[in-house]
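# Overview (structure and organization)
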Amino acid sequence: MNKYTAEQNLIEQALDVRKNAYAPYSKFYVGAALLADSGIIYTGANAENSAYPVGICAERSAFAQALSVGERSFQMLAIVGGKINEYPLKNYCSPCGMCRQFISEFCDEDFTIILAKSIDDYKIFRLSELLPYSFHEQ
Ligand code: THU
């Protein structure tokens, strides 16, 4: 039997992939785990670049993994971020504006976003709380 809830499972995966973040410039390591409707979890970590704007956030990296294999519907996203050896993490890592817009392309306003400091310290938001009045052409 699994001792974790679905939310905690996702947080665990986000914490795990955070170890692979490439963040030599900011030293801020982010992990994201995305549960697709298929039941498969896709993960992503931030990957920075010496030309700073070229770097990619953990959230968009996780979405890119899922989208690349044809996934289009999603249930939940967990995000964790902080300095390298922090645990529990000092703060909840909230997605940047660009990631919020990116997420809104594929997820409706009820989409669940979990911001976690640890396996048992987390907050749950709806996408509409983090990105109200989101932009869509139609
Ligand atoms: N970052 C993410 O990966 N996700 C967020 O939600 C916020 C910021 C990354 C971008 C950059 O590599 C580092 O964290 C510091 O901004």
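To be clear, the structure that these remarks concern was listed above.
Below or above, wherever it landed, is the structure these notes cover. Since the model is a prediction, treat every value here as computed from it, not as a measurement. By convention here, each chain's residues receive numbers from 1 onward along its written sequence. Predicted model: local features are reported for residues with pLDDT of at least 70 only, side-chain atom pairs are reported and counted for 80 or more only, and whole-chain, interface and lining totals are derived from all residues. Side-chain calculation: all heavy atoms of the structure are included, whereas hydrogens and water are not.

## Description of the pattern of salt bridges
Formally: Salt bridges, as used here, are contacts in which a Lys or Arg side-chain nitrogen is within 4 Å of a carboxyl oxygen on Asp or Glu. When accessible area is computed with a 1.4 Å probe and restricted to protein chains, residues below 20% of their type maximum are described as buried, those above 50% as exposed, and intermediate ones as partly exposed.
Applying the stated rule across the entire model yields 1 salt bridge. Asp16 is paired through a salt bridge with Lys19; the nearest N and O atoms lie 3.0 Å apart. For Asp16, a relative accessible area of 45% gives the class partly exposed. Classification of Lys19 as exposed rests on a relative accessible area of 65%.

## Regarding the site of the ligand
To keep it simple, the criterion reads: Any residue with a non-hydrogen atom lying within 4 Å of a molecule or strand is treated as near it. Counting of polar contacts relies on pairs of N or O atoms within 3.5 Å, with two restrictions inside protein: one atom must be capable of donating a hydrogen and the other of accepting it, and residues adjacent in sequence are counted only when both atoms are side-chain atoms. All accessibility values rest on the Shrake-Rupley procedure with a 1.4 Å probe; residue burial counts only the protein chains present in the view. Amino acids outside the nonpolar list (Ala, Val, Leu, Ile, Met, Phe, Trp, Tyr, Cys, Pro) and the charged list (Asp, Glu, Lys, Arg) are all regarded as polar, and Gly is one of them.
The environment of the ligand is formed by Ser26, Phe28, Val30, Asn46, Glu48, Cys57, Ala58, Glu59, Cys93, Ser94, Pro95 and Cys96. Between the ligand and the protein, one listed contact pairs an oxygen atom with a backbone N or O atom of Ser94 at 3.4 Å. Within the complex, 76% of the 370 Å² of free accessible area of the ligand lies under protein. Among the residues making up the shell around the ligand, the classes are represented as 7 nonpolar, 3 polar and 2 charged.

## What to know about the sheet that holds strand β2 (residues 41-45)
What counts, and what does not: Only strands joined by at least two bridges in the DSSP assignment are considered to pair. Starting at the N terminus, helices and strands are each numbered in turn, a helix being any DSSP run of H or I of at least four residues and a strand any DSSP run of E of at least two. Helix axes are fitted to C-alpha atoms over the stretch in contact, other axes to C-alpha atoms as well, and angles between N-to-C directions run from 0 to 180 degrees. Residue contacts follow a heavy-atom distance rule, with two residues in contact if any of their heavy atoms lie within 4.5 Å.
Pairing is mixed across the open sheet formed by 5 strands, whose spatial order is β2-β1-β3-β4-β5. With one partner strand each, in any of the chains shown, β2 and β5 (121-126) form the two edges of the open sheet. Within this sheet the neighbouring strands show an average axis-to-axis angle of 20°, counted without direction. Summarising the sheet, strand β1 (residues 29-36) and β2 pair through 5 bridges and their orientation is antiparallel. Following the sheet pairing, Leu34 is matched in β2 by Tyr42. Those strands touched by helix α2 (residues 58-68) are β1, β2 and β3 (74-82), and its axis lies near 140° from that of β2.

## A look at helix α3 (residues 97-104)
To be explicit about the condition: In this description, the arc belongs to the directions extending from the helix axis to the C-beta atoms.
Listed in full, the buried residues belonging to α3 are Cys99, Arg100, Ile103 and Ser104. Viewed along the axis of α3, the buried residues span an arc of 135°, placing them on a single side of the element. In this structure, the buried side of α3 is in contact with α2, β3, β4 (112-118) and α4 (127-130).

## Focus on α2
Where burial is concerned, most of α2 is hidden: 8 out of the 11 residues are buried. Along its buried surface, α2 packs onto β1, β2, β3 and α3. At the exit of α2 stands Gly70, carrying a positive phi of roughly 100°.

## Focus: the nonpolar core
To keep things clear, this is the line we draw: The set of buried Ala, Val, Leu, Ile, Met, Phe, Trp, Tyr and Cys residues whose side-chain atoms join them within 4.5 Å is what this entry labels a nonpolar core.
Core analysis: the largest hydrophobic core is formed by 22 residues, its most contacted members being Leu34, Phe63, Phe74, Leu77, Ile103, Phe111 and Ile113. Among the elements of the structure, β1, α2, β3, β4 and α4 are those that each provide at least two residues to this core. In terms of residues, this core owes the most to one element, α2, which gives 5 residues. With residues near it in sequence (within four places) discarded, Ile113 still touches Leu77, Ile79, Ile103, Lys123, Ile124, Phe125, Leu127 and Leu130. Grouped together as the second largest cluster of nonpolar side chains are 13 residues, Leu10, Ala14, Leu15 and Ala116 included.

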